[in-house]
Amino acid sequence: MRESSLLASIPAHMDFVEKARIMDGPRINRALARLSSEIVEENHGAGDLFLVGIRRRGVPLAERMATKIADLEGYRPPVGVLDITLYRDDLSTVGAKPVVNRTELPGDIENRNIVLIDDVLYTGRTIRAALDQLIDFGRPRRVQLAVLIDRGKEHRELPIQADYIGKLVPTKKSEIIKVMLQEFDEEEGVVIVERPSETA
Amino acid sequence: MNTTFTRKHLLGIRELDAGEITHLLDTAENFREVSKRQIKKVPALRGRTVINLFFEPSTRTRTSFEIAAKRLSADAVNVSVSTSSVSKGETLLDTARNLEAMAPDCIVIRHSMAGAPQHLARMTKAPIVNAGDGAHEHPTQALLDALTIREQKGRIEGLKVAIVGDILHSRVARSNIYLLTKLGANVSIGGPGTLVPDDFAELVDNGLRIEKRFEDAIEVADVVMILRIQRERQDAAFFPSMREYAVHYGLQPRHLERAAPDVIVMHPGPMNRGVEISSEIADGSQSLILDQVTNGVAVRMAVLYLLAGGSPAETAEEKPPAKRQKRERKVNHE
């Protein structure tokens, strides 16, 4: 469903061919800074904002953006965490049951301006699950979507688009976008990798 | 060692390894949050059917499984013995086969005979959850007890756990002994000599101590688990009277004086107040009895999610041979 979780389930011995490195640490940082200021501008400040990171890599991105918003506005919006596992539409067809993690939304989302944050937007199914889950917690005034990487509209399987995009990266289906963040990985960066078996 | 739980059934704790138990507990811990939401429901098991097949009276466990199923959006159907065709003479296997013909995705069974869930698991295709079989096992109770201990103490390993009372008749004691020793706790059991059998020493290789004096079991304990006196199973004279039991083996505040200062007290319910546990302790600050009930829902959600959430394609593939069997049975009948 998501590149990051897909990648985690693939055994380490399967080597991916790194095709291109599209972002490094400083570029990720600059992209997040721009997204943060766009979010503040669009929402007329940080007062009603509530950032919600989608597990796993959306969470550190949300934290970093909250810090940047605090630098701009002097107010740090709350950061929540969504684990969409129980809302996936492929639960009944995936073989091994995906590990369930906790959803944590500090405070009421009622009438807040929610910004959902994830690392990669691909099919849109993760976002559908996140929206369904979010609505079970209350009725936000507005929900927006911010992603570090948008793989392009042609991959979308649902009518979902991002409001804030770090970088638009048109990709092939056989390619995988790998976002690496210090919180989970040894380095910072975004690379395009390709599955060797599918290209052969 | 396994780090995930991929079994088809949950029949007992005995056959699980520490990794599987930990995965079940971790999953349950994450499910706890769902019950704190305003809308206490997630769509994970939407369209799935869970049958609660209870051959013994139960309020807590049956309700807990029912709520767990409903919070996962599964449809829960309760079959209890007094209203079932069992009272019309149907065998356990026929009952199960008939229920199975209605295509449930999971059957939760409680039965007074040890081994009934294992028997069903061999004969039916649906995943089976043991909700208590005779004096054998009650795996979800042991899991919810462990979740409660872990929540309170942060760990299981190295803790001193005293299980006291009617050990002999207790499936809760057996499942807890397996689980706690697998996770590295030091368990001691105690109570009246007639209800604390020596052959329990053979249940596990290590980590279990048998105390004839129940005060010795409680001493220095971090966790005290009180077991219910099973009035319905006291046909033989294991002790003279309930009153006498209360005087000698009922847990009183004085018993906890020598236990760890942050000792916690648990009871699987239903309690016989004033018999195995004094009201002062049951309602006191050390008691976690209601936390156990809360955690029971989370544990059962985790179990149902892991067992009933699988691919329905598996059952579809197994269908043709089942039909053949049916025809053969008909032939035999004629």
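Residues numbered from 1 in each chain as written. Chains lettered and ligands numbered in written order. Predicted model: local features only at pLDDT ≥ 70, side-chain atom pairs only at ≥ 80, totals over all residues.

Draft legend 1. Looking closely at the overall build of chain A. A count of helices and strands for chain A gives 5 helices and 8 strands. Element order for chain A, N to C, with α for helix and β for strand: α-β-α-β-α-β-β-α-β-β-β-β-α. Split into buried and exposed, the 200 residues of chain A put 41% on the buried side. Sequence-distant contacts, at least 24 apart, represent 72% of the contacts inside chain A between residues at least 6 apart. (Helix = DSSP H or I, 4+ residues; strand = E, 2+ residues; numbered from the N terminus. Buried ≥ 20, exposed ≤ 12 C-beta atoms within 10 Å, placed from the backbone. Contact = placed C-beta atoms within 7 Å.)

Draft legend 2. Representation of the overall build of chain B in the model. A count of helices and strands for chain B gives 11 helices and 9 strands. Here chain B holds 334 residues, and the buried ones make up 45% of them. Considering only intrachain contacts with a sequence separation of at least 6, the fraction spanning at least 24 residues in chain B is 73%.

Draft legend 3. View of the interface of chain A and chain B. The partner chain B presents 16 residues to the 14 residues of chain A that form the contact. Partitioning the side of chain A that touches chain B into residue classes produces 6 nonpolar, 5 polar and 3 charged. (Nonpolar A, V, L, I, M, F, W, Y, C, P; charged D, E, K, R; others polar.)

Draft legend 4. Unusual backbone geometry, seen in detail. At the junction of A:Arg55 and A:Arg56, the peptide bond is cis and its omega measures out at 0 degrees in the coordinates. In this structure, A:Arg56 sits in the loop between β2 (49-54) and α3 (58-73). In this structure, the amide linkage connecting B:Gly269 to the following residue, B:Pro270, adopts the cis form with an omega of -10 degrees. In this fold, B:Pro270 is placed in the loop between β9 (264-266) and α9 (279-282). You will see that A:His44, though not glycine, has its phi angle at about 55 degrees, which is positive. Its location among the elements puts A:His44 in the loop between α2 (25-42) and β2.

Draft legend 5. How the structure looks around the domain arrangement of chain B. All names here are of chain B. Split by domain assignment, chain B resolves into domain 1 (18-137 + 295-333) and domain 2 (139-292). Contacts between the two partners involve 21 residues from domain 1, matched on the other side by 19 residues from domain 2. Secondary-structure elements contributing two or more residues to the side of domain 1 that touches domain 2 are α1 (18-31), β4 (128-133) and α10 (289-308). In terms of residue class, the side of domain 1 that touches domain 2 is made up of 10 nonpolar, 6 polar and 5 charged. (Domains from an automatic or database assignment.)

Draft legend 6. Seen up close, the confidence of the model for chain B. Residues and elements named next belong to chain B. Looking at chain B as a whole, the pLDDT averages 88, with 90% of positions reaching at least 70. Confidence, read as mean pLDDT per element, is least for helix α11 (residues 313-333) in chain B (40) and greatest for helix α5 (residues 139-153) (98). In this model, residues 312-334 is a region of pLDDT below 50 whose contacts with residues beyond four sequence positions or in other chains number 4 contacts. Two numbers describe this predicted complex: its pTM, 0.87, and its ipTM, 0.80. (pLDDT = per-residue confidence, 0-100.)

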